Amino acid sequence: RESKGAHWNSMKHLNCFLSFSVSPLALGLYTVNAVYGDTIIMPCRLEVPDGLMFGKWKYEMPNGSPVFIAFRSSTKKSVQYDDVPDYKDRLSLSENYTLSIKNARISDEKRFVCMLVTEDDVSEEPTIVKVFKQPSQPEILHQADFLETEKLKMLGECVARDSYPEGNVTWYKNGKVLQPVEEVVIISLQKIVDKSTGLFTMTSSLQYMPTKEDANAKFACTVTYYGPSGQKTIQSEPVVFDIHYPTEKVTIQVLPQSSTIKEGDNITLKCSGNGNPPPQEFLFYIPGETEGIRSSDTYVMTDVRRNATGEYRCSLMDKSMMDSTTITVHYLDLQLTPSGEVTKQIGEALPVSCTISSSRNATVFWIKDNTRMQTSPSFSSLQYQDAGNYICETTLQEVEGLKKSKTLKLIVEGKPQIKMTKKTNTNKMSKTIVCHVEGFPKPAVQWTVTGSGSIINKTEETKYVNGRFSSKIVIAPEENVTLTCIAENQLERTVTSLNVSANDNREKVNDQAKLIVGIVVGLLLAALVAGVVYWLYVKKSKTASKHVDKDLGNIEENKKLEENNHKSEA
């Protein structure tokens, strides 16, 4: 019995790492692996002998003394359980002498023995019970609010509770194992056993000195333990710590981040340091200012002008680090001479100039009456068509929104000028008289008949274009007349007259009509004379016939009569 107890003690440490539920051990020992809180089932691995009287189960104390816990008679089929407090109401012994223990505890890790007794012999078969308990998911507790570079600080504690047997705790950073490094990584492990349950709680503390590269690093811990099926690992939730480190570089920016700045824009200077936490105050140095202006991380300038062009700097409050940038404020000036509304007389000269002053090359173009011009306007002798609205417009290349323009409203005035023409119409019955008028403002035109002074209202006017238009009338005078065209505007009244003779074409037409009538009358008279002659001829022919009948022999007389008749006809 002592040798078996010594063997059990030596095997106890070996079996704590076995990864099976029921496993035979060397030297005939048999092990049952159970999960904490589950039911332990131990079959009696002895063959039931003939003449069996009863079967019993016992367990052995650490000192080797037996404690009987269950008895079953093979004849009476009765079961008795010994009064053992640790196993009260937890035992069940089946007919085949399989012992079950409910609600497995750590204290159930013992050497149990099945005994089958006959009149002549007692057979025993030991079974080793091992109990396993999975720990809770490890947690990182007492986390540091932040870590600082160049400083060793407690990062946190990894705690895994209620494990059996005890587990091992490992720390990870970004998925890689953290190994102890003197004054950089210090790990200490503490294991506490709950005396009432026998379960272990493992606490691993980590002291860590971070670097700037540890920003956003994920720290986690795992607990490795042994269960009935072997070794397993549970990981904690990862934790990211705020890493504080000093500023190593200062940067100045211009906002908004536009490639160009023009007069009238609002700009913001933003200064930043790459430390964590970033600096909250800076000194801003403005062109023309000798001292820095204390401000938060931004400095605002509104409605900037061209004199704001220059170098801008910002630094930490201790002036240990500084950065600079150059700002160019683009501008565009346009001077149009003359501009506004200008009134000139026709034929006069008008020099026009559009002068540009800008921070870079500018594009200039002219527009007249909403139409882009190909060349700049130049007036050596103004004409009416030169009048209009002129716009000189300029834009600055690659500077969005920078555009200037000015307007010249040119008015070309002139006294009325008149030229009169006349034309006989194709019907030969009327004449068209046209009064061609030039002048601005547009002259009013009036027609009159000289002598009578009567006004002619029935006129037609063409469209007024470039200071010109015409007014016409159509007349058919019965006698010679003089027509007067009067054109008048605010500058002058101009009068021109034109003589129009009576319509000679109508007299010629009348003479032709008379000639035609005379010809027709003459033809009628000729026809009448021919008819009378013919009648006389017929009458004389009948008379001559009668004389022939009376005097057929007188041939000479008949010939003379014919000759006379022919003469008469002639």
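Numbers given to residues run from 1 along each chain, matching the order in which its sequence is written. For this predicted model, a pLDDT threshold of at least 70 governs which residues receive local features, and a threshold of 80 or more governs which side-chain atom pairs are given and counted, while totals over whole chains, interfaces and linings are taken from all residues. Calculated side-chain values reflect all of the structure's heavy atoms, with hydrogen atoms and water omitted.

> How would you sum up the overall build of the chain? Please name residues and give values.
Counting from the N terminus, the helices are DSSP H or I runs at least four residues long and the strands are E runs at least two residues long. Along its length, the chain carries three helices and 44 strands. For the exposure calls, accessible area comes from a 1.4 Å probe over protein chains only, and a residue counts as buried if that area is under 20% of its type's maximum, exposed if over 50%, partly exposed in between. Per-residue burial for the chain yields a buried fraction of 38% across its 570 residues. Contacts between residues were defined by any pair of non-hydrogen atoms, one from each residue, lying within 4.5 Å. A separation of at least 24 residues holds for 59% of the contacts in the chain among residues at least 6 apart in sequence. Note on areas: Shrake-Rupley with a 1.4 Å probe; residue coverage comes only from the protein chains shown. As displayed, the chain offers around 33800 Å² of accessible surface, 50% of which is attributable to carbon and sulfur atoms.

> Run through the environment of serine 470, naming residues and quoting values.
Topologically, serine 470 is positioned in strand S42 (residues 468-475). Setting aside chain neighbours within four positions, we find serine 470 in contact with Val434, Cys435, His436, Glu460, Glu461 and Thr462.

> Mind laying out the side chain of serine 430, listing which residues take part and the relevant values?
By the element assignment, serine 430 lies in the loop between strand S37 (403-424) and strand S38 (431-440). Of the polar contacts made by the side chain of serine 430, one reaches the side chain of asparagine 425; its length is 2.6 Å. Under the rule applied, a polar contact is a pair of N or O atoms within 3.5 Å (in protein, one hydrogen donor and one hydrogen acceptor; residues adjacent in sequence only if both atoms are side-chain atoms).

> Describe in detail a nonpolar patch on the surface, supporting the description with residues and values.
Patch definition: residues with relative accessible area over 30% and no salt bridge; like charges joined within 9 Å; nonpolar side chains (Val, Leu, Ile, Met, Phe, Trp, Tyr) joined within 5 Å. We count a salt bridge whenever a side-chain nitrogen from Lys or Arg sits within 4 Å of a carboxyl oxygen from Asp or Glu. Taken together, the side chains of Leu525, Leu528, Val532, Trp535 and Leu536 present a nonpolar region at the surface, about 510 Å² in accessible area. When you line up the elements, leucine 528 lands in helix H2 (residues 504-550). Since its relative accessible area comes to 56%, leucine 528 is described here as exposed.

> Quick one: what's the story with the pairing of strand S24 (residues 267-273), residue by residue and with numbers?
Only one face of S24 is buried, namely the one carrying Ile267, Leu269, Cys271 and Gly273, since none of Thr268, Lys270 and Ser272 on the opposite face is buried. Note: strand S22 (residues 250-255) against S24, six bridges, orientation antiparallel. Bridge pairing in S24 places isoleucine 252 opposite cysteine 271. Two strands pair under a simple rule: DSSP has to find at least two bridges between them. As judged from the four bridges shared by S24 and strand S27 (residues 298-301), these two strands associate in the antiparallel manner.

> Explain the packing of aromatic side chains to me, and be specific about the residues and the numbers.
Within 6.5 Å between ring centres, the rings of Phe, Tyr and Trp (the latter by its six-membered ring) count as paired, and their orientation is classed by plane angle as stacked under 30 degrees, edge-to-face over 60, tilted in between. Per the stated rule, a full pass over the model turns up 10 aromatic pairs. Ring geometry for phenylalanine 54 versus phenylalanine 71: centroids 5.0 Å apart, planes at 45°, classification tilted. Here the residue phenylalanine 54 occupies a position in strand S4 (residues 54-60), and phenylalanine 71 occupies one in strand S5 (residues 66-73), the gap between them amounting to 17 residues. A centroid spacing of 5.6 Å and a plane angle of 50° characterise the contact between tyrosine 59 and tyrosine 87, whose relative ring orientation is tilted. Here tyrosine 87 lies in the loop between strand S6 (79-81) and strand S7 (91-93) and tyrosine 59 lies in strand S4, a separation of 28 residues in the sequence. In our convention, an over-ring charge means Lys NZ or Arg CZ found within 6 Å of a ring centre and within 35 degrees of that ring's normal. Its end group placed over the ring of tyrosine 59, lysine 110 keeps NZ or CZ at 5.0 Å from the ring centre. In this structure, lysine 153 packs its charged tip against the face of phenylalanine 146, placed 4.0 Å from the ring centre.

> So, the sheet that holds strand S11 (residues 139-141): which residues are in play, and what are the values?
As summarised here, the arrangement of the four strands in space is S11-S13-S17-S16, forming an open sheet in which the pairing is antiparallel. A single partner strand is all that each edge strand has here, and the edge strands are S11 and strand S16 (185-193). Sheet twist, expressed as the average angle between the axes of neighbouring strands with direction ignored, equals 25°. One ladder, built from nine bridges, connects S16 with strand S17 (residues 200-208); its direction is antiparallel. Looking at S17, one finds that valine 193 is bridged to phenylalanine 200. To get an axis, a line is fitted to the C-alpha atoms, and for a helix only the part in contact is used. The angle between two axes follows their N-to-C directions and goes from 0 to 180 degrees.

> Break down unusual backbone geometry for me, citing the residues and quoting the values.
A cis amide bond links tyrosine 164 to the next residue, proline 165, at an omega of -10°. Within the element layout of this structure, proline 165 appears in the loop between strand S13 (153-163) and strand S14 (168-173). Geometrically, the link from asparagine 276 to proline 277 is a cis peptide bond, its omega value of 0° lying close to zero. Among the structural elements, proline 277 can be located in the loop between S24 and strand S25 (282-285). Notably, asparagine 174 is not glycine yet its phi reads approximately 55°, a positive angle.

> Run through the nonpolar core, naming residues and quoting values.
Here, nonpolar core means buried Ala, Val, Leu, Ile, Met, Phe, Trp, Tyr and Cys residues that are tied together by side-chain atoms lying within 4.5 Å of each other. Within the largest apolar cluster, 53 residues are counted, with the highest numbers of intra-cluster contacts made by Met42, Trp57, Ile69, Leu99 and Phe112. Excluding residues within four positions of it along the chain, phenylalanine 112 makes contact with Met42, Trp57, Lys58, Tyr59, Ile69, Tyr87, Ile101, Glu125, Pro126, Thr127 and Val129. Residues Ile252, Ile267, Ala308 and Cys314 belong to the second largest nonpolar core, which totals 18 residues.

> Give a detailed account of the side chain of threonine 98, specifying residues and quantitative values.
One can find threonine 98 in the loop between S7 and strand S8 (99-101). Classification of threonine 98 as buried rests on a relative accessible area of 13%. A polar contact is formed between the side chain of threonine 98 and the side chain of asparagine 96, at a distance of 3.1 Å. Residues in contact with threonine 98, not counting those within four places in the same chain, are Ile41, Met42, Pro43, Cys44, Ser92 and Leu93.

> Residue-level account of the state of the cysteines, with values.
The disulfide criterion used throughout: a pair of cysteine sulfur atoms within 2.5 Å. Scanning the entire structure with this criterion turns up five disulfides. With a sulfur-sulfur separation of 1.9 Å, cysteine 44 is cross-linked through a disulfide to cysteine 114. Disulfide cysteine 44-cysteine 114: the torsion about the S-S bond is -90°, which places it as left-handed. Taken together, the positions of cysteine 44 in the loop between strand S3 (40-42) and S4 and cysteine 114 in strand S9 (residues 111-117) put the pair 70 residues apart, joining distant regions of the chain. Considered together, cysteine 44 and cysteine 114 belong to a single accessibility category, that of buried residues. Here cysteine 158 engages in a disulfide with cysteine 221; their sulfurs sit 1.9 Å apart. Negative torsions about the S-S bond denote left-handed disulfides, and the value of about 75° found for cysteine 158 with cysteine 221 makes this one right-handed. Here cysteine 158 is found in strand S13, whereas its partner cysteine 221 is found in strand S18 (residues 218-227), with 63 residues between them in sequence. A relative accessible area of 0% places cysteine 158 in the buried class. With cysteine numbering restricted to those in disulfides and following the sequence, the chain has the pairing 1-2, 3-4, 5-6, 7-8, 9-10.

> Tell me about the pairing of S42, and please be specific about residues and values.
Across eight bridges, S38 lies against S42 in antiparallel orientation. The partner of histidine 436 across the bridge, within S42, is serine 470. In this structure, strand S41 (residues 460-461) lies alongside S42, joined through two bridges in antiparallel fashion. Of the residues in S42, the one forming a bridge with glutamate 460 is lysine 472.

> I'd like to hear about the environment of valine 159, residue by residue, with values.
Tracing the sequence through the fold places valine 159 in strand S13. On the basis of relative accessible area, valine 159 is assigned to the buried category, the value being 7%. Sequence-wise, valine 159 and glutamate 139 are 20 residues apart; in three dimensions their C-alpha atoms are separated by 5.4 Å. For valine 159, the residues in contact, after removing those within four places along its chain, are Gln137, Pro138, Glu139, Leu141, Thr201, Met202 and Thr203.

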